[in-house]
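Coordinate inspection notes
Listed here are the chains, written in short residue letters.
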Amino acid sequence: MKNASSPAQPVYLDHAATSPLRSEVWAAMEEALSCGFNPASVHAFGRRAHERLEASRAELSALLGCEPREIYFTGGGTQADNVAVLGFSRANVDRRPLVILSTIEHKACLQAAERAEKEGADVRMAPVDESGTVLLDSLEEALADAEQRPTLVSVMWANNEVGAVQPMAEIARLAHDRGALLHTDAVQAFGKIEVSVDRLPADMLTATAHKLGGPVGIGLLYCRDGVRLEPLTFGGSQEKALWPGTQNPLAAVGFARAARLAVEARDSETPRWLDMRLGLERSLKEAIPQLVVHAEDAPERLPHLLSVGVPGCDAAALLLRMDLEGIAVSGGSACSSGSTKGSHVLEAMGVGGIDEYATVRFSFGPGTSAQAVERAGRSMIRAISSMAARA
């Protein structure tokens, strides 16, 4: 029997950063250990590794609604975003390519576009409204001369910081009507909402395993047949030379299993996550009058992610207090951890200009319980009350 005085189990609500490796995924990878060899080798060990690699590619392609040959394994979502954005620009550099992004894209896309601009590309930004939704009129304006040169539109399917889901069907229509290609970073969306390139005609799409309870260090780029990209690294023919280097069949097995589990559980998990998110949102708003719910008015938000802000509150102190109570949450994107700058996403949405503004992002996963979410909410309310009393 558990000692009543023992500390409560920690609560992990940072699945948008990394969703811990699922036991089913570990079991699949453990079963495939005999295939942990170089899949490029011609001997029997290499052939078995190659078979598992390609079986995983086929499973992921089926989940995304594309052909296996259109799936390229990379080292993660950041690498896949770079190959899509910078690879497109470099493949068309002699024609002064146009790259259009929303102002709330992941830094992997934004900084790849910055590099492309230094190398001769024309880069334009499409703003978002206060809900974090891309302004379609502005995107259409940015596409005005797209038919005159190679053009790529890159818009994140669902934002990693605030959870706003973009009107991707309309964005795809606008891009394709002007002859532009569409890339979407679906890292947060895949496995949480319906993501399929046979339903949404994206030309490129990025996903990664560790947001789904798969292993860290493997991602994918879907690239439609006929799209021309320049490799960013050189030295091998793996992944059709687009991402050369020794492939990881064990990680690919884990990626495929995690994706399959996420997609199959999506219909049952979505309403459960949504109930928890709405309940947490209500309790925080009732207890903290100054609370701001980011992307509250977005037409659609991810069911498993809630981002809130508290004006006049020290962000580091709030997160530390919650951590000391065993509540693991984040202040926004894990990729910006340690940055001295504020969130470019919130700034683009018009949330900013305040010296002290604490952002807390709660994100749920397959093992998240309603009790854990309620406990996290109580922890945040206590922390805010205590900090206000000391002010």
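Residues numbered from 1 in each chain as written. Predicted model: local features only at pLDDT ≥ 70, side-chain atom pairs only at ≥ 80, totals over all residues. Heavy atoms only, no water.

Quick look at the overall build of the protein
- Across its full length, the protein holds 10 helices and 12 strands.
- Relative to the 2.2 N^0.38 estimate, which gives 21 Å for 391 residues, the radius of gyration of the protein is 22 Å and therefore close to what a compact globule would have.
- With the C-alpha coordinates of the protein rotated into their principal frame, the extents come out at 65 × 55 × 35 Å.
- Taking all 391 residues of the protein together, the buried fraction comes to 53%.
- When the accessible area of the protein is evaluated, it comes to approximately 17,100 Å², of which 51% is carbon and sulfur surface.
- Computed over 38 positive and 49 negative side-chain charges, the separation of the two mean positions in the protein equals 5 Å. (Helix = DSSP H or I, 4+ residues; strand = E, 2+ residues; numbered from the N terminus. Rg over C-alpha atoms; globule rule 2.2 N^0.38 Å. Buried < 20%, exposed > 50% of the residue type's maximum accessible area, 1.4 Å probe, protein only. Areas by Shrake-Rupley, 256 points an atom, 1.4 Å probe, with all protein chains shown as cover. Lys, Arg positive; Asp, Glu negative; His and termini not counted. Charge placed at Lys NZ, Arg CZ, Asp CG, Glu CD.)

Description of unusual backbone geometry
- Of note in the backbone geometry, Arg96 takes a positive phi value of approximately 45 degrees without being a glycine.
- Relative to the assigned elements, Arg96 resides in the loop between helix H3 (77-91) and strand S3 (98-102).
- Note on Arg96: relative accessible area 45%, which makes it partly exposed.
- Positive phi is not limited to glycine here, since Lys240 has a value of about 55 degrees.
- Examined against the element boundaries, Lys240 turns out to sit in the loop between strand S8 (219-223) and helix H7 (249-287).
- A residue is classified by how much of its surface remains accessible, and Lys240, at 54% relative accessible area, is exposed.

Points about the confidence of the model for the protein
- This prediction gives the protein a mean pLDDT of 94; 95% of its residues lie at or above 70.
- Here residues 1-6 is modelled with pLDDT under 50, and outside its nearest four sequence neighbours on either side it reaches 3 contacts, counting other chains as well. (pLDDT = per-residue confidence, 0-100. Contact = heavy atoms within 4.5 Å.)

Describing the side chain of Ser56
- On the secondary structure map, Ser56 appears in helix H2 (residues 44-64).
- The contacts of Ser56, once residues within four sequence positions are left out, are Phe73, Ala252, Val253 and Ala256.

Some points on the nonpolar core
- One finds Leu139, Val153, Trp157, Val195, Leu205 and Phe255 to be the most contacted residues of the largest nonpolar core, which totals 65 residues.
- The leading source of residues in this core is H7, at 8 residues.
- Residues in contact with Phe255, not counting those within four places in the same chain, are Leu60, Phe73, Ala207, Thr208, Ala209, Leu212, Pro215, Ile218, Gly219 and Leu220.
- Membership of the second largest hydrophobic core comes to 28 residues, among which are Leu306, Val308, Leu318 and Val360. (Core = buried A, V, L, I, M, F, W, Y, C linked by side-chain atoms within 4.5 Å.)

With respect to the packing of H2 against H7
- Taken N-terminus to C-terminus, the directions of H2 and H7 make an angle of 25 degrees; their axes are 8 Å apart at the nearest point. The angle between the axes of H2 and H7 places the two elements in the roughly parallel class. In this structure, H2 meets H7 at a crossing whose hand is left-handed. Contacts from Ala49, Arg52, Leu53, Ser56, Glu59, Leu60 and Leu63 of H2 reach H7 at Pro249, Ala252, Val253, Phe255, Ala256, Ala259, Arg260 and Val263.
- Residues belonging to the contact of H2 with H7 are distributed by class as follows: 11 nonpolar, 1 polar and 3 charged. (Axes fitted to C-alpha atoms, helices over the stretch in contact; angles between N-to-C directions. Parallel < 35°, antiparallel > 145°, perpendicular 65-115°, else oblique. Left-handed = near helix turned anticlockwise from the far one by under 90°. Nonpolar A, V, L, I, M, F, W, Y, C, P; charged D, E, K, R; others polar.)

Let's talk about the sheet that holds strand S4 (residues 122-126)
- Read across the sheet, 7 strands follow the order S2-S8-S7-S6-S5-S3-S4 without closing on themselves; strand pairing throughout is mixed. Among the strands making up the open sheet, the edge pair consists of strand S2 (71-74) and S4. The mean inter-strand angle of the sheet, taken between neighbouring strand axes irrespective of direction, is 20 degrees.
- Across 5 bridges, the pairing between strand S7 (residues 204-208) and S8 is antiparallel. The residue of S8 that forms the bridge with Leu205 is Tyr222.
- Sheet contacts for H3: S2, S3, strand S5 (151-154), strand S6 (181-185), S7 and S8; angle to S7, the most-contacted strand, approximately 165 degrees.
- Of the strands in this sheet, S3, S4, S5 and S6 are in contact with helix H4 (residues 107-118), which crosses S3 at around 155 degrees. (Pairing = 2+ DSSP bridges.)

What about the environment of Ser19?
- Residue placement: Ser19 occurs in the loop between strand S1 (11-12) and helix H1 (23-31).
- Of the residues examined, Ser19 reaches a relative accessible area of 3% and is grouped as buried.
- Along the chain, Ser19 and Glu105 lie 86 residues apart, while their C-alpha atoms are 21 Å from each other.
- Not counting chain neighbours up to four residues away, the residues in contact with Ser19 comprise His210, Lys211, Leu212, Gly213, Gly214 and Pro366.

Thoughts on helix H6 (residues 168-177)
- For H6, the full list of buried residues reads Met168, Ile171, Ala172, Leu174 and Ala175. Buried residues along H6 cover an arc of 165 degrees about the axis, so they all sit on one side. Among the exposed residues of H6, those oriented more than 90 degrees off its buried face are Ala169 and Asp177.
- Where H6 is buried, its residues touch helix H5 (136-142), S5 and S6.
- Immediately beyond the C-terminal end of H6, within one or two residues, lies Gly179, with a positive phi of roughly 80 degrees. (Arc of directions from axis to C-beta.)

Details of the pairing of S5
- Judged by which residues are buried, S5 turns out to be covered on both faces: Thr151 and Val153 on one side and Leu152 and Ser154 on the other are all buried.
- Note: S3 against S5, 4 bridges, orientation parallel. Looking at S5, one finds that Ile100 is bridged to Val153.
- Relative to S6, S5 is paired through 3 bridges, and the arrangement is parallel. The residue of S6 that forms the bridge with Ser154 is His183.
- After leaving S5, the chain enters H6 and then returns to the sheet as S6, a path that is right-handed. (Right-handed = clockwise from strand over helix to strand, strands pointing away.)

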